[in-house]
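Each chain, letter by letter, is given below.
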Amino acid sequence: MRLVSACLLGINCNWKGKSSLDKKVFEEFEKGGLFPVCPEILGGQSVPRANAEIVEGTGMDVLEGRAKVMDPRGNDVTEQFVRGAQETLRIAKAVGADEAILKARSPSCGCGKTYDGTFSHKLVDGDGVTAALLKKNGIVVKTEDAYQ
Ligand code: SF4
């Protein structure tokens, strides 16, 4: 079993209330064995919601208390992002997932690159909070880019 970011399948769960439908990932979904998750909703956030970025760190830094997730108005949403990651891991364990296809560059789902916390579209090396927690627990994380 593999987890997949729900927004990649056309679910309107991102911060704008829209999806990031990816046809190649959807084709994978149609083959079966993909379980959709949206960590930010699992963390108790609404749709739509303010956008957010990891500030001065990576998803792993957030998990270890060295960085925060903030919205552009300076509201701290770290707790919701960490809770979403924990709930996603719980689901991964429950369904026996050993891999996840997650949305690139998201502060939750991003793998390898995320935005730098300045809300200026600049990318930095690092994983989103959920991607970091899944990787830490031995789950292979890829983004939709691996399926293009
Ligand atoms: S990128 Fe992840 S957290 Fe963001 S909307 Fe998609 S599934 Fe939800």
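Above this text is the structure in question.
Residues numbered from 1 in each chain as written. Predicted model: local features only at pLDDT ≥ 70, side-chain atom pairs only at ≥ 80, totals over all residues.

A. Molecular detail of the overall build of the protein chain. Counting its regular elements, the protein chain contains 5 helices and 8 strands. Shown N-terminal to C-terminal, the secondary structure of the protein chain runs as helices and strands in the order β-α-β-α-β-α-β-α-β-β-β-α-β. The C-alpha atoms of the protein chain give a radius of gyration of 14 Å, which matches the 15 Å a tight globule of 148 residues would have. Once the C-alpha set of the protein chain is aligned to its principal axes, its extents read approximately 40 × 30 × 25 Å. Among the 148 residues that make up the protein chain, the fraction classed as buried is 46%. (Helix = DSSP H or I, 4+ residues; strand = E, 2+ residues; numbered from the N terminus. Rg over C-alpha atoms; globule rule 2.2 N^0.38 Å. Buried ≥ 20, exposed ≤ 12 C-beta atoms within 10 Å, placed from the backbone.)

B. Up close: the environment of Arg 73. Topologically, Arg 73 is positioned in the loop between strand S4 (68-70) and helix H4 (78-95). On the basis of neighbour count, Arg 73 is assigned to the exposed category, with 6 C-beta atoms found within 10 Å. Here the alpha-carbon distance between Arg 73 and Ala 52, two residues 21 residues apart in the chain, equals 9.5 Å.

C. Summary view of the pairing of strand S8 (residues 140-143). Residues Val 141 and Thr 143 line the buried face of S8, whereas the alternating positions Val 140 and Lys 142 sit on a face that is not buried. Strand direction decides the pairing type here: strand S5 (residues 99-102) and S8, joined by 4 bridges, are parallel. Within the sheet, the bridge partner assigned to Ala 100 lies in S8 and is Val 141. (Pairing = 2+ DSSP bridges.)

D. Structural context of the packing of H4 against helix H5 (residues 129-136). Where H4 contacts H5, the two axes come as close as 8 Å, and the packing angle between them is 40°. With respect to H5, the element H4 is oriented oblique. In this structure, H4 crosses over H5, and the sense of that crossing is right-handed. Contacts from Phe 81, Val 82, Gly 84, Ala 85, Thr 88, Leu 89 and Ala 92 of H4 reach H5 at Val 129, Thr 130, Leu 133 and Leu 134. (Axes fitted to C-alpha atoms, helices over the stretch in contact; angles between N-to-C directions. Parallel < 35°, antiparallel > 145°, perpendicular 65-115°, else oblique. Left-handed = near helix turned anticlockwise from the far one by under 90°. Contact = placed C-beta atoms within 7 Å.)

E. Main features of the environment of Asp 61. Here Asp 61 is to be found in helix H3 (residues 59-63). Considering only alpha carbons, one finds Asp 61 and Glu 40, 21 residues apart in sequence, at a separation of 18 Å. When near neighbours in sequence (up to four residues on either side) are disregarded, Asp 61 contacts Arg 66 and Ala 67.

F. Molecular detail of the pairing of S5. The sheet contact formed by strand S1 (residues 2-5) and S5 spans 3 bridges and is parallel. Among the inter-strand pairings, Leu 3 is bridged to a residue of S5, identified as Ala 100.

G. Summary view of H4. Look at H4: 26 Å from first C-alpha to last across 18 residues, which is about the 26 Å you get at 1.5 Å a residue. Listed in full, the buried residues belonging to H4 are Gln 80, Phe 81, Val 82, Gly 84, Ala 85, Thr 88, Leu 89 and Ala 92. Of the residues one or two after H4, Gly 96 is the one with positive phi, at around 75°. (Expected span 1.5 Å × (residues − 1).)

H. Fine view of the environment of Glu 27. With respect to the secondary-structure elements, Glu 27 resides in helix H1 (residues 23-31). Take Glu 27: there are 10 C-beta atoms within 10 Å of it, and that puts it in the exposed class. The sequence separation of Glu 27 and Ala 92 amounts to 65 residues, and the corresponding C-alpha distance is 21 Å.

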